[in-house]
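What follows is each chain in one-letter form.
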Amino acid sequence: MSIEKFVIKPNSKIDISKIKTDDTNGYASKEEAKKDLTKNIKKMISLQDKLYAEDKYSMLLIFQAMDAAGKDGTIKHVMSGLNPQGTQVTSFKQPSAEELNHNYLWRINKALPERGRIGILNRSYYEEVLVVRVHDLIKNEKIPKELISNNIWNQRFKEINDFEKYLFDNGTVILKFFLHVSKEEQKKRFLERIDKKSKNWKFSEADIKERQYWDEYQKCYQEAISATSKKHAPWFIIPADHKWFMRLAVSEIIIETMSKLPINYPSLNNEQLKNLAECKKKLESEK
Ligand code: ATP
Ligand code: MG
């Protein structure tokens, strides 16, 4: 699968309403995609093993989406089988009082992956240019009033770009996924959550309220993605109406990116090799 199709080129002005939500890139069936996802998970396990052993690069995977687009399921399926010691998922909800007493990247820093690890953000600092913008929550953030300019959103895009460049320059590989679901599909999924007992827990009345701001959210996503998709921290818009395709596409992007990284198992120097040989001798001569 060519992942180029889903990447947003730096400095492009996207029209999100023109980007398909139901594309399957030629995949005709769920079964076909599932088979390839299983293969991809195997590849990912072997790449993660090297990433972890070498302890040099880290991966930061960011998931953003409208409600019910399938963030949780994608994270669960795509990451299944990975070594849990090398992965860490953090979900970002409304900031706590303590978090609001700091700048908006403070809570993010604590969630960044160590070298050799894969860090997953289920929502992220992008909420700061999405929900905060849609609901005008900036006034709750305790920033001195005189510092909040009319240009606040462009300022935040720049801050985010600078932050991501800093992470990249220090060995963090960043991939950002917008799981792009249609309004009709969201309705279908909400109704399923209401109708199916086993899914009731997933439904929240707040989701219906947020749905009323659909267009505002789309506009904010469009601007944020256009302003912050960079070569070193690209955004991918993944069609999310077919969950099976979305999961496969995300796995392809992760694999393709990791495969291009110069990651290898650490090799030993002569002295270390000599030590190994001595250890082997000792073990073999044991009675
Ligand atoms: P799910 O519904 O599948 O559990 P979710 O990510 O929607 O996942 P919720 O607890 O329903 O989790 O929602 C979290 C809410 O927190 C979202 O509405 C999100 O917009 C909000 N949120 C996240 N970060 C911020 C932020 N910095 N400022 C304000 N609200 C935020
Ligand atoms: Mg929710």
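The model shown is predicted, which means the values in this text are computed figures rather than measured ones.

Draft legend 1. The pairing of strand E3 (residues 118-122), seen in detail. Of all the 5 residues making up E3, 5 are buried; the element is thus mostly covered by neighbouring parts of the structure. Sheet topology places strand E2 (residues 87-91) next to E3; 5 bridges connect them, and they run parallel. What sits directly across from Val-89, in E3, is Ile-120.

Draft legend 2. Up close: the packing of aromatic side chains. Within this structure, the stated rule accounts for 9 aromatic pairs. Put simply, the rings of Tyr-125, Tyr-126, Phe-163 and Trp-235 touch in pairs and so form one group of aromatic residues. We note Arg-156 situated over the ring of Tyr-104; from NZ or CZ to the ring centre the distance is 4.3 Å.

Draft legend 3. Expanded view of the site of ligand 1. Every one of the 14 residues lining ligand 1 counts as a neighbour, but Lys-71, Lys-93, Arg-123, Glu-127 and Glu-128 are closest to it. Between ligand 1 and Lys-71 there is a distance of 3.0 Å, counted from an oxygen atom to a side-chain nitrogen or oxygen. One of the side-chain N or O atoms of Arg-123 is found 2.5 Å from an oxygen atom in ligand 1. Look at ligand 1: alone it shows 630 Å² of surface, and the protein chains cover 76% of it. Mapped onto the shell around ligand 1, the elements with two or more residues apiece are helix H2 (71-78) and helix H5 (131-134).

Draft legend 4. Region of interest: the nonpolar core. In terms of nonpolar packing, the biggest core is built from 79 residues, with Leu-61, Tyr-125, Phe-177, Leu-179, Ile-238 and Ile-254 touching the most fellow members. When residues in this core are grouped by element, the largest group, 10 residues, is from helix H10 (residues 243-260).

Draft legend 5. Quick peek at the sheet that holds strand E1 (residues 58-65). Sheet architecture is open: 5 strands sit in the order E2-E3-E1-E4-E5, paired in parallel fashion. Single-partner strands in this sheet number two, and they are E2 and strand E5 (235-239). Adjacent strand axes in the sheet meet at a mean angle of 20°, parallel and antiparallel pairs treated alike. Helix-sheet contacts for helix H6 (residues 152-169) involve E1 and strand E4 (172-180), and the interaxial angle to E4 is about 135°. Contacting E1, E3, E4 and E5, H10 crosses the sheet at an angle of about 165° to E4.

The rules behind the values
Residues numbered from 1 in each chain as written. Chains lettered and ligands numbered in written order. Predicted model: local features only at pLDDT ≥ 70, side-chain atom pairs only at ≥ 80, totals over all residues. Heavy atoms only, no water. Buried < 20%, exposed > 50% of the residue type's maximum accessible area, 1.4 Å probe, protein only. Helix = DSSP H or I, 4+ residues; strand = E, 2+ residues; numbered from the N terminus. Pairing = 2+ DSSP bridges. Phe/Tyr/Trp six-rings, centres within 6.5 Å; stacked < 30°, edge-to-face > 60°. Lys NZ or Arg CZ within 6 Å of the ring centre and 35° of its normal. Near = heavy atom within 4 Å. Polar contact = N/O pair within 3.5 Å; in protein donor to acceptor, adjacent residues only side chain to side chain. Areas by Shrake-Rupley, 256 points an atom, 1.4 Å probe, with all protein chains shown as cover. Core = buried A, V, L, I, M, F, W, Y, C linked by side-chain atoms within 4.5 Å. Axes fitted to C-alpha atoms, helices over the stretch in contact; angles between N-to-C directions. Contact = heavy atoms within 4.5 Å.

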